[in-house]
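# Structural overview for review
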Amino acid sequence: MAEAARAEHVRGRTLLVVMRAFVTVHAVAILGQPVFAGRYLIGDYDMLAMHELGANIVSTVALAQLVPAALYWWRGGVQWPFWASLLLAGGETAQYFAGQAGALDLHIPLGVALVAIALGTLFGIWRTGARR
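Presented here is a report on the structure given in the accompanying data block. (Residues numbered from 1 in each chain as written. Predicted model: local features only at pLDDT ≥ 70, side-chain atom pairs only at ≥ 80, totals over all residues. Heavy atoms only, no water.)

### Digging into the overall build of the protein
Spelled out, the test is: A run of H or I in DSSP becomes a helix once it reaches four residues, and a run of E becomes a strand once it reaches two; helices and strands are each numbered from the N terminus. The cut-offs for exposure are 20% and 50% of the maximum accessible area for each residue type, with area from a 1.4 Å probe on protein chains only; residues under the lower value are buried, those over the upper are exposed, and the others partly exposed. Throughout, a contact is declared for two residues whenever any of their heavy atoms are within 4.5 Å. The accessible surface values rely on the Shrake-Rupley method and a 1.4 Å probe; as for residues, cover is taken only from the protein chains in view.
Per the secondary structure count, the protein includes 4 helices and 0 strands. When the elements of the protein are put in sequence order from the N terminus, they spell out α-α-α-α. For the protein, the residues scored as buried account for 36% of the 132 residues in total. Nonlocal contacts in the protein, meaning residues at least 24 apart in sequence, comprise 69% of its contacts between residues at least 6 apart. Accessible surface, the protein: about 7,700 Å² in total, of which carbon and sulfur atoms supply 72%.

Shown next as structure tokens:
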């Protein structure tokens with residue numbers, strides 16, 4: 001019985017490491033977005049393609065991040081990373097379509113909020129309190 005409990009602990013710990021990796025990659029990717037947009041707005045028009053590529057990467061990572069977040073919660077970890085990941089995935093989907101539509105009145109403030117949520121998730125998942 002003790003061996004089964006230890007194996008479960010190792011699986012939970014592994015999921016936390018995977019979750020931290022996804023959240024870190026997500027935060028790094030989303031932090032590039034305002035840089036690319038800012039460069040575009042000051043006249044470096046090639047950066048719009050980088051901003052679009054970044055949007056594709058950020059959205060893909062956000063959707064993929066839902067899997068380890070759900071598994072981590074299911075295995076007895078805290079549930080807030082799943083809800084934060086779901087909020088980010090939904091918000092980034094809206095962000096993507098707002099950008100494609102040129103709705104900057106939504107795209108810019110939503111982008112600021114998403115960066116803040118992604119950074120809050122990053123800091124939270126690396127805190128000791130994020131463990132079981």
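### Observations concerning helix H4 (residues 104-126)
For clarity, the threshold we go by: Multiplying 1.5 Å by the residue count of a helix minus one yields the expected span of that helix.
Taking 1.5 Å per residue as the helical rise, H4 with its 23 residues ought to reach 33 Å, and the 33 Å between its terminal C-alpha atoms agrees with that figure. Taken together, the buried positions of H4 are occupied by His107, Leu110, Gly111, Leu114, Val115, Ala118, Thr121, Leu122, Gly124 and Ile125.

### Overview of the packing of helix H3 (residues 80-101) against H4
To be explicit about the condition: Axes, fitted as lines to C-alpha atoms, cover a helix only where it is in contact. Angles between the N-to-C directions of the axes lie from 0 to 180 degrees. In what follows, roughly perpendicular refers to angles from 65 to 115 degrees, roughly parallel to angles under 35, roughly antiparallel to angles over 145, and oblique to any angle outside these ranges. Handedness of a crossing follows from how the near helix is turned relative to the far one, being left-handed for an anticlockwise turn of less than a right angle and right-handed for a clockwise one. In the scheme used here, Gly and all other residues not listed as nonpolar or charged are polar, with Ala, Val, Leu, Ile, Met, Phe, Trp, Tyr, Cys and Pro taken as nonpolar and Asp, Glu, Lys and Arg as charged.
At a closest axis distance of 10 Å, the pairing of H3 and H4 adopts a crossing angle of 155°. In terms of orientation, H3 and H4 fall into the roughly antiparallel class. In the crossing of H3 with H4, the sense of the turn from one axis to the other is left-handed. Facing Trp80, Pro81, Ala84, Leu87, Leu88, Gly91, Glu92, Ala94, Gln95, Ala98 and Gly99 of H3, the residues of H4 in contact are Leu106, His107, Leu110, Gly111, Leu114, Ile117, Ala118, Thr121, Gly124 and Ile125. Split into classes, the residues belonging to the contact of H3 with H4 amount to 13 nonpolar, 7 polar and 1 charged.

### Focus: the nonpolar core
Formally: Working definition of a nonpolar core: buried Ala, Val, Leu, Ile, Met, Phe, Trp, Tyr and Cys residues. They are joined through side-chain atoms within 4.5 Å.
Formed by 13 residues in total, the largest nonpolar core has its most connected members in Met19, Val23 and Ile125. Residue assignment for this core shows that the elements contributing at least two residues are helix H1 (2-41), helix H2 (47-74), H3 and H4. Here this core gets 5 residues from one element, more than from any other, and that element is H1. Counting residues in each nonpolar core, the second largest holds 8 residues, with Ile30, Val58, Leu114 and Val115 among its members.

### Quick look at the packing of aromatic side chains
Put simply, the test is: To pair, rings of Phe, Tyr and Trp, with the six-membered ring standing in for Trp, must have centres within 6.5 Å; the planes then decide the type, stacked if under 30 degrees apart, edge-to-face if over 60, and tilted in the middle.
Enumeration according to the criterion identifies 5 aromatic pairs in this entry. Geometrically, the ring pair formed by Tyr40 and Tyr45 is edge-to-face, given 5.7 Å between the ring centres and 80° between the ring planes. Look at Tyr45 and you get exposed, because its relative accessible area is 59%. Among the aromatic residues, those joined into a ring-pair cluster are Trp73, Phe82 and Trp83.

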